[in-house]
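# Working through the structure, step by step
Given next are the chains, with one letter for each unit.
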Amino acid sequence: MSQIEYEQLVREILSCTKCPLHRYRRRPVPGEGRLDAEIMIVGEAPGEKEDEQGRPFVGPAGQLLTKILNSLGISREQVYITNVVKCRPPENRDPTPEEIKSCLPYLIRQILIIRPKVIICLGRHSAREILKLCGLRESEVSQISKIRGKIFNVKFMGEHDVTVVPTYHPAAALYNPRLRTYIAEDIKKAIEIAQGKHRVERSSILDYLG
Ligand code: SF4
């Protein structure tokens, strides 16, 4: 069932013209990976290489992400990787709120098909949009430096229990190598949660809100 739903979803994304980004893209980038993945990784938007190939995280930031995953003992094939918006914004600008709003239903459907144990959000757009869909307020989740590495045990769209771990986007770490350590630490934590090795004492919404 989920395979059929997923294939339908991919077809819709590949022919989507719901927002102005369809005018600039070469190829939409739906996402890729296992439909039974325990870990889902969500970035912000495709870049140049992704737009060329129609695959997520295949440019320099993607190569860094793959290296970090491999150094932690998991491969890309074990996870599902996608972005908040599925088409590349021109000049790699941030997607507008309208573009995000148009594209978000696809991500919601992907998450509800895959039903991962853990979602790793790469970057502030991804963290903000996903945590808002889990009931947090924008003001609580808008600063990635404050929420990175925190564990949010939440209910996605009021129906799927999931742990969300935000971290920096690997593109930022290309220019600031110090961030690579934080990203690796945060992803390690997420992997341990998915593997049941990381004990979570209490709801981290409570942790976060003090
Ligand atoms: S970014 Fe999303 S909503 Fe906009 S055209 Fe691409 S798939 Fe459609």
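Higher on the page you've got the structure.
### Details of the overall build of the protein chain
For the protein chain, the helix and strand inventory stands at ten helices and six strands. A globule of 210 residues ought to have a C-alpha radius of gyration of about 17 Å, and the protein chain, at 16 Å, matches this closely. The principal-axis extent of the C-alpha atoms belonging to the protein chain is close to 45 × 35 × 35 Å. The burial tally for the protein chain puts 51% of its 210 residues in the buried class. Considering only contacts within the protein chain whose residues lie at least 6 apart along the sequence, 70% involve residues at least 24 apart. With the model as given, the accessible surface of the protein chain reaches about 10100 Å², and the carbon-plus-sulfur share is 49%.

### What about the packing of aromatic side chains?
With the rule as written, the count across this model stands at two aromatic pairs. Judged by centre distance (5.9 Å) and plane angle (90 degrees), the ring pair of Y6 and Y80 falls under edge-to-face. Of the two residues, Y6 sits in helix 1 (residues 2-14) while Y80 sits in strand 3 (residues 80-83), which places them 74 residues apart along the sequence. Taking relative accessible area as the criterion, Y80 reaches 0% and is therefore assigned buried. A cation over an aromatic ring shows up here: K18 above the ring of Y106, its NZ or CZ 4.5 Å from the ring centre.

### Section: helix 1
Since the α-helix advances by 3.6 residues per turn, residues separated by three or four positions end up pointing in the same direction. Taking 1.5 Å of rise per residue, 13 residues should cover 18 Å, and helix 1 covers 18 Å from first to last C-alpha, within 8% of that figure. Among the residues of helix 1, Y6, L9, V10 and I13 are the ones counted as buried. End-on, the buried residues of helix 1 take up no more than an arc of 100 degrees, which puts them together on one face.

### A word on the environment of H198
Among the secondary structure elements, H198 is positioned in the loop between helix 9 (178-194) and helix 10 (204-209). Between the C-alpha atom of H198 and that of K188, which follows or precedes it by ten residues, the distance is 9.8 Å. Setting aside chain neighbours within four positions, we find H198 in contact with I151, K189, E192 and I193.

### Points about empty space enclosed by the protein
Counted under the stated rule, the structure contains one cavity of 30 Å³ or more. Taken as a whole, the largest cavity encloses approximately 100 Å³ of empty space. Taken together, 13 residues make up the lining of the largest cavity; nearest its centre are C16, C19, R25, C87 and C103. Here the lining of the largest cavity is composed, by residue class, of eight nonpolar, two polar and three charged.

Cut-offs used in this document
- Residues numbered from 1 in each chain as written.
- Predicted model: local features only at pLDDT ≥ 70, side-chain atom pairs only at ≥ 80, totals over all residues.
- Heavy atoms only, no water.
- Helix = DSSP H or I, 4+ residues; strand = E, 2+ residues; numbered from the N terminus.
- Rg over C-alpha atoms; globule rule 2.2 N^0.38 Å.
- Buried < 20%, exposed > 50% of the residue type's maximum accessible area, 1.4 Å probe, protein only.
- Contact = heavy atoms within 4.5 Å.
- Areas by Shrake-Rupley, 256 points an atom, 1.4 Å probe, with all protein chains shown as cover.
- Phe/Tyr/Trp six-rings, centres within 6.5 Å; stacked < 30°, edge-to-face > 60°.
- Lys NZ or Arg CZ within 6 Å of the ring centre and 35° of its normal.
- Expected span 1.5 Å × (residues − 1).
- Arc of directions from axis to C-beta.
- 1 Å grid on protein atoms, 1.4 Å probe; cavity = no way out; pocket = protein on both sides within 12 Å on 5 of 7 lines; lining within 4 Å.
- Points joined across faces, edges and corners; volume = space filled by probe spheres on them.
- Nonpolar A, V, L, I, M, F, W, Y, C, P; charged D, E, K, R; others polar.

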